[in-house]
Amino acid sequence: MFFGIFGIDFSARVANFTGSLAKYLNESMPNTKSAERRMRNSERKQLQNSAVKSRLRRTEKQFRATVAAGKKDDATKLLAGVHSAFDKAVKVGAITRPTANRKKSRLALSLK
C-alpha cells in the first residue's frame, strides 16, 4: 500500500476508478433524455421478464418432477397451473405465444 502526500491510498482509488471505468466501457451511455428513459425502462422490464421466466422454469421443473415420480393425479392438477403460468407470461410479453404453445404441448404429452 502506498500512501501519497495527503495520506490517500492510491492503489484503492485506482482500483475503484478502473472498476467504474469498466462499467462505462461495457455499457453504452445514452446521448439523449429519451434514450436515458428507454435504458431505465428496458432495465426494469428485463428484471420483470427474468422473474417471470424464473417462475416458469420453477413450475415446469415441479411438474416434470411430479410426472417422473409417477403421481399422475397430482400432475394433472399441476398441468392447469403450468398452462396458466405460460399464458400469463405471454400476456405480459416475457415469452412469445409459439414458445408457450410448444412448451404446453410437450408438457401435456409428457403426462400421457
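Remember, it's a predicted structure, so these values are computed and weren't measured experimentally. (Residues numbered from 1 in each chain as written. Predicted model: local features only at pLDDT ≥ 70, side-chain atom pairs only at ≥ 80, totals over all residues. Heavy atoms only, no water.)

> Any details on the overall build of the chain? Residues and values, ideally.
Scanning the chain for helices and strands turns up four helices and zero strands. Across the chain, helices and strands are ordered from the amino to the carboxyl terminus as α-α-α-α. A total of 112 residues make up the chain; the buried ones form 18% of that total. When contacts within the chain are restricted to residue pairs at least 6 apart in sequence, those whose partners lie at least 24 apart make up 48%. (Helix = DSSP H or I, 4+ residues; strand = E, 2+ residues; numbered from the N terminus. Buried < 20%, exposed > 50% of the residue type's maximum accessible area, 1.4 Å probe, protein only. Contact = heavy atoms within 4.5 Å.)

> Outline the packing of helix α3 (residues 72-92) against helix α4 (residues 97-111), listing residues and values.
Two elements in contact, α3 and α4, have axes whose closest approach is 10 Å; the angle formed by their N-to-C orientations is 175°. Considering their axes alone, α3 and α4 lie roughly antiparallel with respect to each other. Mapping the contact onto sequence places K72, A75, T76, L79, V82, H83, F86, D87 and V90 in α3 and R97, A100, K103, K104, L107, A108 and L111 in α4. Of the residues in the contact of α3 with α4, the class split is nine nonpolar, two polar and five charged. (Axes fitted to C-alpha atoms, helices over the stretch in contact; angles between N-to-C directions. Parallel < 35°, antiparallel > 145°, perpendicular 65-115°, else oblique. Nonpolar A, V, L, I, M, F, W, Y, C, P; charged D, E, K, R; others polar.)

> Could you give an account of the nonpolar core, with specific residues and numbers?
One recurring pattern in soluble globular proteins is that nonpolar side chains are buried together. Judged by nonpolar contacts, the single largest core of 14 residues is most densely connected at F63, F86, A89, I95 and L107. Only α2 (33-68), α3 and α4 provide two or more residues apiece to this core. Considering each element in turn, this core owes the most residues, six residues, to α3. With sequence-adjacent residues up to four places away left out, A89 is seen in contact with V52, L56, A94 and I95. (Core = buried A, V, L, I, M, F, W, Y, C linked by side-chain atoms within 4.5 Å.)

> So, the environment of K103: which residues are in play, and what are the values?
Take K103: it is sitting in helix α4. Expressed as a C-alpha distance, the spacing of K103 and V82, which sit 21 residues apart in the sequence, is 9.8 Å. The residues contacting K103, other than those within four sequence positions of it, are E60 and F86.

> Report on a positive patch on the surface, specifying residues and quantitative values.
There is a patch of like positive charges on the surface, built from K53, R57, R102, K103 and R106. Listing elements by their share of the positive patch, those giving two or more residues are α2 and α4. Per-element accounting of the positive patch gives the leading share, three residues, to α4. Within the secondary structure, R102 sits in helix α4. (Patch = residues over 30% accessible without salt bridge, like charges linked within 9 Å, V, L, I, M, F, W, Y side chains within 5 Å. Areas by Shrake-Rupley, 256 points an atom, 1.4 Å probe, with all protein chains shown as cover. Salt bridge = Lys/Arg side-chain N within 4 Å of Asp/Glu carboxyl O. Lys, Arg positive; Asp, Glu negative; His and termini not counted. Charge placed at Lys NZ, Arg CZ, Asp CG, Glu CD.)

> Before we move on, could you go through the side chain of K104 and cite the residues and values that matter?
Secondary-structure assignment places K104 in helix α4. Apart from residues no more than four positions distant in its own chain, K104 is found in contact with H83, F86, D87 and R97.

> Give me the side chain of T66: which residues, what numbers.
By the secondary structure assignment, T66 is in helix α2. By relative accessible area, T66 is classed as buried at 12%. Contact partners of T66, with chain neighbours within four places excluded, come to K71, D74, A75 and L78.

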